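Structural overview
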Amino acid sequence: MAKLDRDGVKIHYEVHGKGPTILLSHGYSSTSRMWDGQVAALKDRYQVVVWDMRGHGDSDYPADPSKYSEALTVGDMAALLDAVGANRAIIAGLSLGGYMSLAFNATHPDRVQALMLFDTGPGFKKDEARAKWNETAHQRAARFDAQGLAALNSSDEVRIVRHRDAKGLAGAARGMLAQKDDRVIQSLDKVAAPTLVLVGANDTGFLAATDYMAAKIKGATKAVVPDAGHAANLHQPALFNQAVEAFLAKLPQA
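1. What about the overall build of the protein?
- A tally of regular secondary structure across the protein gives ten helices and eight strands.
- In summary, the protein has a C-alpha radius of gyration of 17 Å against a globular reference of 18 Å for 254 residues, a match within 12%.
- When each of the 254 residues of the protein is scored for burial, the buried share is 54%.
- Put simply, 75% of the contacts in the protein that link residues at least 6 apart link residues at least 24 apart.
- Per element, the accessible surface of the protein, about 10,800 Å² overall, is 52% carbon and sulfur.

Pasting the structure below:
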């Protein structure tokens, strides 16, 4: 376990194993603990880096709203790669972590050996669709402000983790879950790295989004995990790991 100091905001991260680097980013209101099963499966052959986004888990929960943003999150990811000595890495994430992985690729394509996008979406081209998403994000923030950690939902990737305070989750909802523009979705046809797009068969909210990404990203591999919902890695860990390892096995050696 280690801490990375990002202008006074301490970011919790862990490094497991040796080999090509995989950076795994969790979903909103989850933490690095959601990846324990993947760390165990991959650490014999890869350097697996997991971390808690700002406002989550064992990272800091800054009070300043300006300390939460897509740009800062992408910067955190780049700083983590620097900290572990990885110029390039396999960049992967679920839900918000998947969106941030795409944002990272749009900013630092030269640092991306491959992308793995799990149960996620690329954002929205239409302003009204983005506004609707953002309204939901701000409603979640307001619930955390009003109810504290009692406002956490009971989804599988959330139930297994621990947060110290709801203020960080409210800040992350407003600054990181909410989206400013269509930069990420407009970057899909420019993705040059080998890409795995994976979704749980029962994750109805993200089936269309993953179809869209798989169609837009040139040469993308699509995987559907049967009998799995949004946290496909927790619902069907063996099938999830099998799909991930099959994709990784085909990557050119870095």
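Next comes the rest of the account.
2. Regarding the pairing of strand β4 (residues 47–51)
- Of all the five residues making up β4, five are buried; the element is thus mostly covered by neighbouring parts of the structure.
- A two-sided burial pattern is seen for β4, the buried positions comprising Gln47, Val49 and Trp51 on one face and Val48 and Val50 on the other.
- Of the strand pairs in this sheet, strand β2 (residues 9–16) and β4 are connected by four bridges, and their pairing is antiparallel. Among the inter-strand pairings, tyrosine 13 is bridged to a residue of β4, identified as tryptophan 51.

3. Quick look at helix α3 (residues 96–107)
- The end-to-end C-alpha distance of α3, which contains twelve residues, comes to 16 Å, matching closely the 16 Å that a straight helix rising 1.5 Å per residue would cover.
- Counting buried residues in α3 gives ten out of twelve residues, a clear majority hidden from the surface.
- Restricting attention to buried positions, one finds in α3 the residues Leu96, Gly97, Gly98, Tyr99, Met100, Ser101, Leu102, Ala103, Phe104 and Asn105.

4. Here's the deal with the environment of glycine 175
- When you line up the elements, glycine 175 lands in helix α6 (residues 167–177).
- With 119 residues separating them along the chain, glycine 175 and histidine 56 place their C-alpha atoms 13 Å apart.

5. Section: unusual backbone geometry
- Phi at serine 29 is positive, roughly 70 degrees, even though this residue is not glycine.
- When you line up the elements, serine 29 lands in the loop between β3 (21–25) and α1 (36–42).
- A positive phi angle, near 45 degrees, is found at aspartate 119, a position not held by glycine.
- With respect to the helices, strands and loops of the structure, aspartate 119 is situated in the loop between β6 (112–118) and α4 (127–147).
- Given the relative accessible area of 0%, aspartate 119 is considered buried.

6. What about the side chain of serine 95?
- Topologically, serine 95 is positioned in the loop between β5 (89–94) and α3.
- Within the structure, the side chain of serine 95 is placed 2.9 Å from the side chain of histidine 230, a separation counted as a polar contact.
- In this view, serine 95 contacts Gly27, Phe118, Asp119, Thr120, Phe206 and His230; residues no more than four positions away in its chain are not counted.

7. Points about the packing of aromatic side chains
- Using the criterion set out here, one finds three aromatic pairs in the structure.
- Aromatic pair tryptophan 35 and phenylalanine 118: ring centres 6.0 Å apart, planes at 55 degrees, arrangement tilted. Taken together, the positions of tryptophan 35 in the loop between β3 and α1 and phenylalanine 118 in strand β6 put the pair 83 residues apart, joining distant regions of the chain. In this pair, the class of tryptophan 35 matches that of phenylalanine 118, namely buried.

8. With respect to the pairing of strand β1 (residues 2–6)
- Note that β1 and β2 share five bridges and pair antiparallel. Note on β2: the bridge partner recorded for leucine 4 is isoleucine 11.
- Between β1 and the antiparallel strand that follows it, β2, lie two residues; aspartate 7 among them carries a positive phi value of about 55 degrees.

9. Notes on the environment of aspartate 211
- Tracing the backbone shows aspartate 211 in helix α8 (residues 207–216).
- For the pair aspartate 211 and valine 197, spaced 14 residues apart in sequence, the C-alpha to C-alpha distance is 8.4 Å.

10. Observations regarding the pattern of salt bridges
- Tallied over the entire structure, the rule returns 15 salt bridges.
- Between aspartate 76 and arginine 6 there is a salt bridge; the shortest N-O distance is 2.6 Å. Taken together, the positions of aspartate 76 in helix α2 (residues 70–83) and arginine 6 in strand β1 put the pair 70 residues apart, joining distant regions of the chain.
- Residue classification places aspartate 76 among the buried residues on the basis of a relative accessible area of 0%.
- For glutamate 245, the salt bridge is made with arginine 45, and the minimal N-O distance between the two is 3.0 Å. Of the two residues, glutamate 245 is situated in helix α10 (residues 237–249) and arginine 45 in the loop between α1 and β4; the sequence distance between them amounts to 200 residues.
- Owing to a relative accessible area of 40%, arginine 45 belongs among the partly exposed residues under this scheme.

Thresholds applied
Residues numbered from 1 in each chain as written. Predicted model: local features only at pLDDT ≥ 70, side-chain atom pairs only at ≥ 80, totals over all residues. Heavy atoms only, no water. Helix = DSSP H or I, 4+ residues; strand = E, 2+ residues; numbered from the N terminus. Rg over C-alpha atoms; globule rule 2.2 N^0.38 Å. Buried < 20%, exposed > 50% of the residue type's maximum accessible area, 1.4 Å probe, protein only. Contact = heavy atoms within 4.5 Å. Areas by Shrake-Rupley, 256 points an atom, 1.4 Å probe, with all protein chains shown as cover. Pairing = 2+ DSSP bridges. Expected span 1.5 Å × (residues − 1). Polar contact = N/O pair within 3.5 Å; in protein donor to acceptor, adjacent residues only side chain to side chain. Phe/Tyr/Trp six-rings, centres within 6.5 Å; stacked < 30°, edge-to-face > 60°. Salt bridge = Lys/Arg side-chain N within 4 Å of Asp/Glu carboxyl O.

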